[in-house]
Every structure is written in structure tokens, then in C-alpha cells.
Amino acid sequence: MQLKFSNRGSTLIVRVIGELDHHSSEQLKIKVDSEIIKSSTKNVILDLGKLTFMDSSGIGAIMGRFRNVQKLNGKLALVGIGPHIKKILDMSGILKVIDAYDNVETALNKMM
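Please read these numbers as outputs of a predicted model, since none were measured by experiment. (Residues numbered from 1 in each chain as written. Predicted model: local features only at pLDDT ≥ 70, side-chain atom pairs only at ≥ 80, totals over all residues. Heavy atoms only, no water.)

Caption draft 1: Structural view of the overall build of the protein. Regarding its fold elements, the protein presents four helices and five strands. Reading the secondary structure of the protein in the N-to-C direction produces β-β-α-β-α-β-α-β-α. Here the protein has a C-alpha radius of gyration of 12 Å; the compact-globule value for 112 residues is 13 Å, and the two agree. Taking the principal axes of its C-alpha atoms as reference, the protein extends roughly 30 × 25 × 20 Å. The 112 residues of the protein split such that 46% are buried. Within the protein, residue pairs in contact and separated by at least 24 positions form 70% of the contacts whose partners lie at least 6 positions apart. On the protein, roughly 6,100 Å² of surface is accessible, and the fraction owed to carbon and sulfur atoms is 50%. Taking the average location of the 16 positive side-chain charges in the protein and that of its 11 negative ones, the two points are 4 Å from each other. (Helix = DSSP H or I, 4+ residues; strand = E, 2+ residues; numbered from the N terminus. Rg over C-alpha atoms; globule rule 2.2 N^0.38 Å. Buried < 20%, exposed > 50% of the residue type's maximum accessible area, 1.4 Å probe, protein only. Contact = heavy atoms within 4.5 Å. Areas by Shrake-Rupley, 256 points an atom, 1.4 Å probe, with all protein chains shown as cover. Lys, Arg positive; Asp, Glu negative; His and termini not counted. Charge placed at Lys NZ, Arg CZ, Asp CG, Glu CD.)

Caption draft 2: Representation of the nonpolar core within the structure. Counting residues in hydrophobic clusters, the biggest one holds 26 residues, and the most contacted among them are Met54 and Leu78. Dropping the residues within four chain positions of it, Leu78 is found in contact with Leu46, Leu48, Ile62, Leu89, Ile94, Leu95, Ile98, Asp99, Ala100 and Tyr101. Membership of the second largest hydrophobic core comes to nine residues, among which are Ile45, Ala77, Val104 and Met111. (Core = buried A, V, L, I, M, F, W, Y, C linked by side-chain atoms within 4.5 Å.)

As C-alpha cells, then:
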């Protein structure tokens, strides 16, 4: 798994590339939390457009980041969810708690 970070104002955008599973979920947790701490981040967008696989560890990692961002009075959004990943997120119930958008621009506009 690769993570690519960018910032738009107080929003951290994290592009997740590859597989988010029990081998890589800890890496996501550590790196995203570290980026949140060292920048003036309030909101986080996870861009899952290049995510090819996710298991329950990935779901836990996403929910953990959601809770951490809530503690900062911020929001977390998901974007670019492909059909296979959407099915997993639907079954887990995450999409009832976390907003999902088609693209980063839409998410940025809704989060303001």
C-alpha cells in the first residue's frame, strides 16, 4: 500500500493506493495520525479511488481515523469508492456514519 498526502487549507487529503489489509492498516493509522498532528488539519479526505482490496482491518483503520478527527471537531469523508470496495463499506455500515463523495472537489465543498 502507498499513501500520498496533500493539503488544501485545513483539510488533509490521503490517497490510498493498493491493498488496505491487516499487513498495511497499521501503516495507515500511524502515517495519517502523524500527518494530522504535524499539520493544522481539521478535516480528512480518504481518496480510495486506487484502493484495490480492503479487509476488516482496513475498516477498523478508517473508523479509528474517523474518531480521531471527530475529537478535533473535524470531519472525515471518503471519495472515489469503486464498486468492490463500496460493497465492503456498505456491509460494514461505514457509509451510514461517514459521508462518501464522487471526488475530492465535491467533498471539499461539502466539508466547508
